[in-house]
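# Working through the structure, step by step
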Amino acid sequence: MRRRGMPGASRNSQQKVLLMGRSEAGKTSMRSIIFANYIASDTRRLGATIEVEQSNVRFLDNLVLNIWDCGGQDAFMDTFFTTQADILFSHVQVLIFVFDVQSSDVKKDLEVFQSCIETGILKHSKDAKIYCLIHKMDLIPKAQRDEVFTARRKELEFLSKPLQISCFATSIWDETLYNAWSTIMSLLIPNSGALTHNLKKFADHIDADEVLLFEKATFLVVAHHMRKEHSDPNRFEKISNIIKQFKLSCTKMQSTFTSIEIRNSSFAAYIDLFTSNMYIMVVTSDPAVCSDAVKMNINTAKQFFKELS
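Each residue is numbered by its place in its chain's sequence as written, counting from 1. Per-residue local features of the predicted model are confined to residues with pLDDT of at least 70, and side-chain atom pairs are confined, for both listing and counting, to 80 or more; whole-chain, interface and lining totals are unaffected and use all residues. Water and hydrogen atoms were dropped before computing side-chain values, which therefore reflect all heavy atoms in the structure.

Let's shift gears to the nonpolar core. Residues Ile96, Leu133, Trp181, Leu213 and Val282 are the most contacted members of the largest nonpolar core, which totals 52 residues. Helix and strand assignments follow DSSP, with helices taken as H or I runs no shorter than four residues and strands as E runs no shorter than two, numbered in order from the N terminus. Considering each element in turn, this core owes the most residues, 7 residues, to helix H6 (residues 176–188). Core analysis: the next-biggest nonpolar cluster, separate from the first, contains 35 residues, Ile130, Met137, Ile140 and Leu156 among them. Take the buried Ala, Val, Leu, Ile, Met, Phe, Trp, Tyr and Cys residues and link them wherever side-chain atoms come within 4.5 Å; each set so joined is a nonpolar core. Categorising residues by exposure relies on relative accessible area from a 1.4 Å probe, with only protein chains included: less than 20% of the type maximum marks a residue as buried, more than 50% marks it as exposed, and the intermediate range marks it as partly exposed.

Salt bridge, as used here, is a side-chain nitrogen of Lys or Arg placed within 4 Å of a carboxyl oxygen of Asp or Glu. On inspection of all chains with the given rule, the structure shows 15 salt bridges. With a closest N to O distance of 3.3 Å, arginine 22 and aspartate 74 form a salt bridge. With arginine 22 in the loop between strand E2 (13–20) and helix H1 (27–35) and aspartate 74 in helix H2 (residues 74–80), this residue pair connects regions lying 52 residues apart in the sequence. The exposure class of arginine 22 is buried, given its relative accessible area of 17%. In this structure, the salt-bridge partner of glutamate 261 is arginine 263, at a minimum N-O distance of 3.4 Å. In this structure glutamate 261 comes out as partly exposed when scored by relative accessible area, which is 33%. The exposure class assigned to arginine 263 is partly exposed, which follows from its relative accessible area of 46%. Among the charged side chains, a salt-bridge network with shared partners connects Lys200, Asp204, Asp207 and Arg227.

Glancing now at the pairing of strand E8 (residues 210–215). Most of E8 sits out of view: 6 of its 6 residues are buried. Both faces of E8 are covered, namely the face carrying Glu210, Leu212 and Phe214 and the face carrying Val211, Leu213 and Glu215. Bridge count between E8 and strand E9 (residues 221–226): 5 bridges; the pairing is antiparallel. Bridge pairing links valine 211 to histidine 225 in E9. Between any two strands, pairing holds if DSSP finds at least two bridges.

Now for helix H5 (residues 145–160). Three- or four-residue spacings in an α-helix give side chains the same orientation, since the helix completes a turn every 3.6 residues. To estimate how far a helix should extend, the number of its residues minus one is multiplied by 1.5 Å. Look at H5: 22 Å from first C-alpha to last across 16 residues, which is about the 22 Å you get at 1.5 Å a residue. For H5, the set of buried residues is Phe149, Arg152, Leu156, Leu159 and Ser160. The buried residues of H5 occupy an angular sector of 95° when the element is viewed end-on, so they sit on one face. Every exposed residue of H5 that faces more than 90 degrees away from the buried side is listed here: Asp146, Glu147, Lys154 and Phe158. Whether two residues are in contact is decided by their heavy atoms, any of which lying within 4.5 Å being enough. For H5, the elements touching its buried residues are strand E5 (94–100), helix H4 (106–124), strand E6 (129–135) and strand E7 (166–169). Throughout, the arc means the angular range of directions from the helix axis out to the C-beta atoms.

Relative to the helices and strands, lysine 27 is located in helix H1. Despite its burial, lysine 27 remains without a salt bridge, the nearest opposite charge being carried by aspartate 69 at 5.3 Å. Here a polar contact is recorded for every N or O atom pair within 3.5 Å, except that within protein the pair must consist of a potential hydrogen donor and a potential acceptor, and residues adjacent in sequence are included only if both atoms are side-chain atoms. At a separation of 3.3 Å, a polar atom in the side chain of lysine 27 contacts the main-chain carbonyl oxygen of arginine 22. Not counting the four nearest positions on each side in its chain, lysine 27 is found in contact with Leu19, Met20, Gly21, Arg22, Asp69, Cys70, Gly72 and Val98. Asp and Glu are treated as the negative residues and Lys and Arg as the positive ones, with His and the ends of the chain left uncounted.

In this model, lysine 161 is joined to proline 162 through a cis peptide bond whose omega is 10°. Phi at histidine 91 is positive, roughly 60°, even though this residue is not glycine. For histidine 91, the location among the structural elements is in the loop between helix H3 (85–89) and E5. If you check the backbone angles, aspartate 207 has positive phi at about 60° while not being a glycine. Along the chain, aspartate 207 turns up in the loop between helix H7 (192–206) and E8.

Okay, the side chain of arginine 22 next. Within the structure, the side chain of arginine 22 is placed 3.3 Å from the side chain of aspartate 74, a separation counted as a polar contact. Here arginine 22 is in contact with Lys27, Gly72, Asp74, Met77, Val98, Asp105, Lys108, Asp109 and Val112, once residues within four sequence places are set aside.

Laid out in structure tokens, this is it:
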């Protein structure tokens, strides 16, 4: 097993995350996009994971993810469920199992998943949260995606009994990948409830339509509060994707992204570096709210949220 450590990780809340799935399901590609700032087209050059690659990833200041990216070749899978089961599946907080929706051997995929549940999680970490990502959904015709996803989700829920699972339809080519990982990460943050509660108070105080907090490195949504209904349920993840790509472009130009203001006749949006590990986005449609007032309120709230994160 290959390991990459991070000094001081033991002082933080740690979560052991197993990233599993058969070979070429897309596990390493999605990890690289979310945590290593790859763009989707660059993942084609990634090689297969050999055995297990461990890495510690800091998320905010109070959470360290101990990610075990497990190789999906059948020879490795056999050892995972036999000689390495005690080490691999002990003290797991989160299992993320990735399925290639167009796999040529769906039966084998399901058998491996069932072995993972029965031989690994139920015996060693029965309280672990389990997430199944039905991946590469962009390869399925749009009109068939809901039907395909629903059928696969029902199969997995049956195989997982008596454990509960959550399923997501994902692709590296759109916002669905950010949606899945934002949801997963928000549930792992130790003080997510306090962040959401105080974000609501902040949004009410400044009369904002919507306020979001993004983790600085990944730009995943960690908390949000909406005071005005919006027609697009995937807008957060679309924003994450767009801003992260913009940040990467700035880096290539040897520039640093700190803040941006977007304004038209319908709304104004402000994205600003909020704490050492979070960006904030404030959206308002009230033309009476001026930019300086929004920016002043953001600056006033920074210290309070810094202590929370």
